[in-house]
2 protein chains.
Amino acid sequence: MSVDGLGVEDRSVPGLAAAEARAQFRSGVGRPTAGMVPGRAQANLISVPADWAYDMLLFCQRNPKPCPVLDVTDAGAYSTPLAPGADLRTDLPRYRVWEHGELVDEPADVVAHWRGDLVSFLIGCSFTFEWVLAEAGVPMRHVEQGRNVPMYVTDRLCRPAGRLHGPMVVSMRPVPPELLATAIRESALMPAVHGGPVHSGDPAALGIEDLGRPDFGDPVDLEPGDIPVFWACGVTPQAAVTASRPPFAITHAPGQMFITDVRDEQYRVV
Amino acid sequence: MSVDGLGVEDRSVPGLAAAEARAQFRSGVGRPTAGMVPGRAQANLISVPADWAYDMLLFCQRNPKPCPVLDVTDAGAYSTPLAPGADLRTDLPRYRVWEHGELVDEPADVVAHWRGDLVSFLIGCSFTFEWVLAEAGVPMRHVEQGRNVPMYVTDRLCRPAGRLHGPMVVSMRPVPPELLATAIRESALMPAVHGGPVHSGDPAALGIEDLGRPDFGDPVDLEPGDIPVFWACGVTPQAAVTASRPPFAITHAPGQMFITDVRDEQYRVV
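Conventions used here
- Residues numbered from 1 in each chain as written.
- Chains lettered and ligands numbered in written order.
- Predicted model: local features only at pLDDT ≥ 70, side-chain atom pairs only at ≥ 80, totals over all residues.
- Domains from an automatic or database assignment.
- Contact = placed C-beta atoms within 7 Å.
- Helix = DSSP H or I, 4+ residues; strand = E, 2+ residues; numbered from the N terminus.
- Nonpolar A, V, L, I, M, F, W, Y, C, P; charged D, E, K, R; others polar.
- Least-squares fit on C-alpha atoms with pLDDT ≥ 70 in both.
- Buried ≥ 20, exposed ≤ 12 C-beta atoms within 10 Å, placed from the backbone.

1. Observations regarding the domain arrangement of chain A
All names here are of chain A. The domain boundaries assigned to chain A delineate domain 1 (16-126 + 243-263) and domain 2 (129-236). The gap between the C-alpha centroids of domain 1 and domain 2 is 20 Å. The partner domain 2 presents 34 residues to the 27 residues of domain 1 that form the contact. Looking at the side of domain 1 that touches domain 2, the elements that each hand over two or more residues are strand S1 (40-49), helix H2 (53-62), strand S5 (118-124) and helix H6 (236-244).

Put into structure tokens, the structure is as follows:
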């Protein structure tokens, strides 16, 4: 797999490349993180007021495919053991700020929006297993094409939790048929970063009308014979925010993830 | 593997054998459930007042090896989609009732102790993968010897969550060395029921002084050459109750589990 354009590919120094990427984001660089920092787990972010934290944690527990929780901060904290020294308010490429379910801002940092009662959830991201799939020979079309991964809101409803409800969001990667079993198996071995796909083949089975018009990210070209494969996606909490309208929330921008120091293989069960 | 003594081995009727076992427990039969109802997942129970539910759910998220959550009820509810029709207040063989961290009762049902503010957590149990290990040829010494699995409080501390803290509890199974890799791999493929072992070999590495004196369950005889293998155990929340002293809690009695209708293979990632 080709390496990102940041020149931070040194895998011999634990966490260094990830820290350098985070420093660039902190200085204002915004970009999708697919294909960045080989071998490090990436994470979705959602921060909600403390009085919504139980509903969010329960929503994640009840929907572990789209919402596998890697870490939860204490209220007001913006650090995580997944990346010591990182600041969750500044170290993602781009954020989204939500009020009553409406997107009100998409800033490069959320220092001005931060509140002392926010509990932050870091949720596994399928970018984490892309390296494993790539090493197993599965092409990453969106990375090859220099695009963000395409994401779609499906017609599958999550199991509600308290005041939170909404549809499942999926990411899609085209997979050559002879590599489908490999892609399924290798991702299934990493349940903390969404695990195996929720569907392969006809997008209509998920209520997706047009692969060329994703709800988030960029459309990606299929090569002849490619099968579209759909993985549950950590943008699902954002769909729950839209549907459930909590008074306030902060999330990452889709595809612009928190890059952790954790090695991806730590999330493989064998 | 030998089948339990209840005559409820019909795997062709989904959930029936499990329902029959639960009906026997409801009528007052108490016994360890290791080796009962082939192919159905078993679960640990801990019920806490709603104002402790977030701490408990976060404790589980932060300690996923001992506390993998299979389901969480709404406050006051005593049903679960893991076993439609079951009553969590009556359908376990034996319960423990805790006040301020002290064991105050060990009844056959908890109808008289039930409160409308209790949130119940069903946590994966290693009995679930025993069938998979047995089918792979790994002997289940405690089942062969007609004993409850031995469980030990270790010197490894869980990651605290809010007001909850305490040590990790483990279960132990003796494994012949030539089957150790199989036992590790097969259990690792089932992270929702504790996954792979946390340790194999010298019990002192976990602060366990004498395998012959477990903290819960029965001592089990090792065959010559057997290696003691330790899996994180769902009695860990009970150790947290003892250490953290919440005002009230209800749990299962160690080894006397909730038998669900869920097929064990549903918790295999591949």
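2. Notes on the interface of chain A and chain B
Counting from both sides, the interface comprises 14 residues of chain A and, opposite them, 14 residues of chain B. Listed by contribution, the elements that provide at least two residues to the side of chain A that touches chain B are H2, strand S2 (69-72) and helix H5 (180-188) of chain A. For the side of chain A that touches chain B, the element with the most residues is H2(A), which contributes 5 residues. Residues that form the side of chain A that touches chain B fall into these classes: 11 nonpolar, 2 polar and 1 charged.

3. With respect to the relation of the copies chain A and chain B
With an RMSD of 0.0 Å, the operation that places chain A on chain B is a rotation of 180 degrees combined with a shift of 0.0 Å along the axis. Such values leave the two copies arranged in the relation of a two-fold axis. Minimal C-alpha distance to the rotation axis in chain A is attained by Tyr54(A), lying at 2.7 Å. The share of interface residues of chain A whose copies in chain B are also at the interface is 100%, consistent with both copies meeting through the same surface.

4. Points about the environment of Ser120(B)
Residues and elements named next belong to chain B. Tracing the backbone shows Ser120 in strand S5 (residues 118-124). Overall, the presence of 25 C-beta atoms within 10 Å leaves Ser120 in the buried class. Taking the C-alpha atoms as reference points, Ser120 and Ile250, separated by 130 residues in sequence, lie 8.7 Å from one another.

5. Some points on unusual backbone geometry
One non-glycine residue, Val37(A), lies in the positive phi region at around 55 degrees. A count of 28 C-beta atoms within 10 Å places Val37(A) in the buried class. Residues other than glycine seldom take positive phi values, yet His100(B) does so here, at roughly 50 degrees. Take His100(B): it is sitting in the loop between strand S3 (95-99) and strand S4 (102-105). Note on His100(B): 12 C-beta atoms within 10 Å, which makes it exposed.

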